[in-house]
Amino acid sequence: MSPHWTLNLNSGLKVNVPADLDNPVTLTLLEVEAWPEPEHAFLRQFIQPGLRLLDADTGLGLDALAMAQGLSGAGQLTGRWP
């Protein structure tokens, strides 16, 4: 397994990222403690407990984490990595 760091985001979630300061995702999350793209705020407007959701390109899972947080433990989230 590649070296990684576990970061605590300001949303209360934890995420594992590559232990590499040249990685733009790692660097952004270390500096901002959140993913600054507006898509997360947009998603949270529509996600509610009980929904079934799909993250079709999971990557590091940042979108999936934002969606899962909106489900509040009630619903289903499937993440797919190509």
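Residues numbered from 1 in each chain as written. Predicted model: local features only at pLDDT ≥ 70, side-chain atom pairs only at ≥ 80, totals over all residues. Heavy atoms only, no water.

**Considering the packing of aromatic side chains**
Part 1: If you walk through the whole model with that rule in mind, you get one aromatic pair.
Part 2: Ring centres 5.0 Å apart and planes at 65° place the aromatic pair Phe 42 and Phe 46 in the edge-to-face group. Of this pair, Phe 42 and Phe 46 both sit in helix H2 (residues 39-46), separated by four residues, roughly a single helical turn.
Part 3: With relative accessibility at 47%, the residue Phe 42 sits in the partly exposed group. (Phe/Tyr/Trp six-rings, centres within 6.5 Å; stacked < 30°, edge-to-face > 60°. Helix = DSSP H or I, 4+ residues; strand = E, 2+ residues; numbered from the N terminus. Buried < 20%, exposed > 50% of the residue type's maximum accessible area, 1.4 Å probe, protein only.)

**Regarding the packing of H2 against helix H3 (residues 62-71)**
Part 1: Axis separation between H2 and H3 bottoms out at 9 Å; the angle between their running directions is 30°. Classified by the interaxial angle, the pair formed by H2 and H3 is roughly parallel. Pair H2 / H3 crosses with right-handed handedness. Here His 40, Leu 43 and Arg 44 of H2 come into contact with H3, specifically with Leu 62, Asp 63, Ala 66 and Met 67.
Part 2: Class assignment of the residues belonging to the contact of H2 with H3 gives a composition of four nonpolar, one polar and two charged. (Axes fitted to C-alpha atoms, helices over the stretch in contact; angles between N-to-C directions. Parallel < 35°, antiparallel > 145°, perpendicular 65-115°, else oblique. Left-handed = near helix turned anticlockwise from the far one by under 90°. Contact = heavy atoms within 4.5 Å. Nonpolar A, V, L, I, M, F, W, Y, C, P; charged D, E, K, R; others polar.)

**Points about the confidence of the model for the protein chain**
Low pLDDT means the predicted coordinates in that region are not meant to be read closely.
Part 1: In this model, the protein chain carries an average pLDDT of 87, and 98% of its residues clear a pLDDT of 70 or more.
Part 2: Element-level mean pLDDT values for the protein chain span from 82 in H2 up to 93 in strand E1 (residues 4-8). (pLDDT = per-residue confidence, 0-100.)

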